[in-house]
Amino acid sequence: MGSTDRIKNVAMRVAKWHDAGHQVVVVPSAMSGETNRLIGLAKQIMDQPDPRELDMIASTGEQVSVGLLSMALMAIGKQAVSYAGWQVAIKTDSAFTKARIQSIDDAKVRADLDAGKIVIITGFQGVDENDNIATLGRGGSDTSAVAIAAALKAAECLIFTDVDGVYTTDPRVVSEARRLKTITFEEMLELASLGSKVLQTRSVEFAGNYRVPTRVLSSLTDPMLPLEVEANSGTLISFEEDTNMEQAVISGIAFNRDEAKITVLGVPDRPGVAYHILGPISDANIEVDMIIQNQSVDGKTDFTFTVSRGEYNNAINVLNGAKAELGAASIIGDAKVSKISVVGVGMRSHVGVASQMFRTLSEEGINIMMISTSEIKISVLIDEKYMELAVRALHKAFNLEAE
């Protein structure tokens, strides 16, 4: 959706699927750079824009896109109709700038589809119980698309993006990175939540929870690519592990530069200490990721956790405000850290992944600050200056460039 010419290409691609007999709903994002421009205008008025009013402004980018795409389809002889999220209606909660979808009324959309129309719906937005426009946060168009696909029980949700699928890691960091033909929902959810920018975490959650077959494809290919080729390209996010996938211990390596570490030093080690530290953080709507509590020494303990770098100053301010109540000796932080994770369903049936990961980082002289694990992933926090070196070393150590 970067320009009117690109929008015309989108229209041709959509028409191709409609001509093949499919009912089609399209959920476009705003035109390239438009959301940033709109937010920039708001910040010229207020340093910290009011969230409700910011959503009112930011939501207009997608409204322009759906109108233009609808007209582009009409220009090539297709019946099309566009809707803003509130017209459908896509109901959300009232957490402005990071709202969550609660329900979707699909009656109007189904009626239009049955009438032979192509329906275009704004992504990234909905309306709360008080009829306020609320946006879903960055990447929210993916979430909207999968949620609408789930509501309509769509045969498949195709996510067209600027990459041609999901890779073993970011090709800009590791040139040997390989595109995966298939990946499980569990792996994709871990990769998305750990910093992979291909899909937003909530869109993968929706796809997994409602069993929406989802495929990631490139929007940069020829819009008239034969349907049978396009339908089998990209990366399919699958429901179950393939027998071939069982051979791959690790499917991908994710990394996130957007990390900050905060340590609360010398708090009394008593029941509820974690709650009393993280409660105010949660009340400030700040998400916490990795957590470590040290062993008690003389009745005192240190508590460390990570937040996104953009929330770092806010989190520090919140904790400083609660410092006396916590009985903390001091609060320190580091906003120059990065998280690296190895992900793979094969970890369930293979041992030695952690030791290989730690050995590889040790051989490169990279110190590990924090570690967290799940059944199919291991994450470490390191100094951000070593991030790319660590990703390249781990990609090679796990032989991810091989088919």
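Structure first, text after, so check above.
Q: Looking at this structure, I do not really get the overall build of the chain. What am I missing?
A: Tallying secondary structure elements over the chain gives 14 helices and 19 strands in all. Considering only C-alpha atoms, the chain reaches an extent of 75 × 50 × 35 Å along its principal axes. Here the chain holds 403 residues, and 48% of them are scored as buried. Counting contacts in the chain only where the partners sit at least 6 residues apart, residues at least 24 apart contribute 74% of the total. Surface exposure of the chain reaches about 19300 Å², of which carbon and sulfur atoms provide 49%.

Q: Hey, could you run me through the packing of aromatic side chains in this one?
A: Two numbers describe a pair of aromatic rings. These are the distance of the centres and the angle of the planes. Scanning the model with the defined rule gives two aromatic pairs in all. When the ring of Phe-206 is compared with that of Tyr-210, the centres are 5.7 Å apart and the planes differ by 20°; the resulting orientation is stacked. Given the relative accessible area of 17%, Phe-206 is considered buried. Measuring from ring centre to ring centre gives 6.2 Å for Phe-303 and Phe-305, while their planes differ by 55°; the resulting arrangement is tilted. The exposure class of Phe-303 is buried, given its relative accessible area of 2%. The buried category is assigned to Phe-305, whose relative accessible area is 0%.

Q: I'm lost on the nonpolar core in this one. Help?
A: Side chains of nonpolar character tend, in soluble globular proteins, to be buried together. By size, the foremost hydrophobic cluster in this structure holds 41 residues, and its most contacted members are Val-166, Met-188 and Leu-199. Mapped by element, the contributors of at least two residues to this core are β2 (80–83), α6 (107–114), β5 (118–121), α7 (140–152), β8 (157–161), α8 (185–193) and α9 (201–209). For this core, the element with the highest residue contribution is α7, accounting for seven residues. With residues up to four places along the chain from it excluded, the contact list for Met-188 reads Val-166, Ile-183, Ser-196, Leu-199, Val-204 and Ile-237.

Q: Explain the side chain of Arg-13 here, please?
A: On the secondary structure map, Arg-13 appears in helix α1 (residues 4–19). Of the residues examined, Arg-13 reaches a relative accessible area of 7% and is grouped as buried. At a separation of 2.9 Å, a polar atom in the side chain of Arg-13 contacts the main-chain carbonyl oxygen of Thr-221. Sequence-distant contacts of Arg-13, that is, excluding residues within four places in its chain, are made with Phe-160, Ser-218, Ser-219, Thr-221, Asp-222, Pro-223 and Glu-230.

Q: Honestly, the environment of Val-343 in this entry has me stumped. Any pointers?
A: Position of Val-343 relative to the elements: it lies in strand β17 (residues 330–343). Linking Val-343 and Ile-376, residues 33 residues apart in sequence, is a C-alpha distance of 5.8 Å. Leave out the neighbours within four places in its chain, and Val-343 touches Glu-187, Glu-190, Leu-191, Leu-194, Ile-250, Ser-251, Gly-252, Ile-376 and Lys-377.

Q: I tried to follow the sheet that holds β2 on my own but got confused; where do I start?
A: Strand pairing in a sheet is mediated by backbone hydrogen bonds. Such pairs are either parallel or antiparallel. One open sheet holds the three strands; their spatial order is β1-β5-β2, and the pairing between them is parallel. With one partner strand each, in any of the chains shown, β1 (25–26) and β2 form the two edges of the open sheet. As defined by bridge partners, β2 adjoins β5 across four bridges and the pair is classed as parallel. Looking at β5, one finds that Ala-80 is bridged to Ile-118.

Q: What should I look at first to understand the sheet that holds strand β13 (residues 235–238) in this one?
A: If you trace the four strands from one edge of the open sheet to the other, you get β8-β12-β13-β11, paired in mixed fashion. Edge positions in the sheet fall to β8 and β11 (182–184), since each of these pairs with one other strand and no more. The mean angle between the axes of side-by-side strands here comes to 25°, regardless of whether they run parallel or antiparallel. Across three bridges, β11 lies against β13 in parallel orientation. Looking at the pairing, Thr-182 lines up with Leu-236 of β13. Sitting on the sheet, α8 touches β11 and β13, and the angle it makes with β11 is about 85°.

Q: Looking at this structure, I do not really get the pairing of strand β15 (residues 288–293). What am I missing?
A: Each regular strand displays side chains that alternate between the two surfaces of the sheet. As judged from the four bridges shared by β15 and strand β16 (residues 300–307), these two strands associate in the antiparallel manner. The residue bridging Gln-293 from the neighbouring strand is Phe-303, located in β16. Following β15, the chain reverses through six residues before pairing antiparallel with β16; Asp-298 in that reversal takes a positive phi of roughly 55°.

Q: Explain the pattern of salt bridges here, please?
A: Between side chains of opposite charge, a pair can form as their charged atoms come close. Across all of its chains, the model carries 18 salt bridges by this definition. Among the ionic pairs, Glu-156 bridges to Arg-215, the shortest N-O distance being 3.4 Å. Here Glu-156, found in the loop between α7 and β8, pairs with Arg-215, found in strand β12 (residues 214–218); they are 59 residues apart in sequence, far enough to count as distant. A relative accessible area of 32% places Glu-156 in the partly exposed class.

Procedures and definitions
Counting starts from 1 at the beginning of each chain's written sequence and moves along it residue by residue. Whole-chain, interface and lining totals are the exception, using all residues; otherwise, since this is a predicted model, local features are given only for residues with pLDDT of at least 70 and side-chain atom pairs are given and counted only at 80 or more. Just so you know, side-chain values use all the structure's heavy atoms and leave hydrogens and water out. The numbering of helices and of strands both runs from the N terminus, where a helix is a DSSP run of H or I of at least 4 residues and a strand a run of E of at least 2. Buried residues are those whose accessible area, probed at 1.4 Å on protein chains only, stays under 20% of the maximum for their type, while exposed residues exceed 50% and partly exposed ones sit between those limits. Two residues form a contact once any of their heavy atoms are found within 4.5 Å. Using the Shrake-Rupley algorithm and a 1.4 Å probe, accessible areas are obtained, with residue cover drawn only from the displayed protein chains. Whether two aromatic rings pair depends on their centres lying within 6.5 Å, for rings of Phe, Tyr and Trp, where Trp uses its six-membered ring; planes under 30 degrees apart make the pair stacked, over 60 edge-to-face, and the rest tilted. Each nonpolar core is a collection of buried residues, namely Ala, Val, Leu, Ile, Met, Phe, Trp, Tyr and Cys, held together in the definition by side-chain atoms within 4.5 Å. Two N or O atoms form a polar contact when they lie within 3.5 Å of each other; inside protein one atom must be a possible hydrogen donor and the other a possible acceptor, and for residues adjacent in sequence the pair counts only when both atoms belong to side chains. At least two bridges found by DSSP between two strands are what make those strands a pair. Think of each axis as a best-fit line through the C-alpha atoms, taken over the contacting stretch in the case of a helix, with angles from 0 to 180 degrees between the N-to-C directions. For salt bridges, the criterion is a side-chain nitrogen of Lys or Arg within 4 Å of an Asp or Glu carboxyl oxygen.

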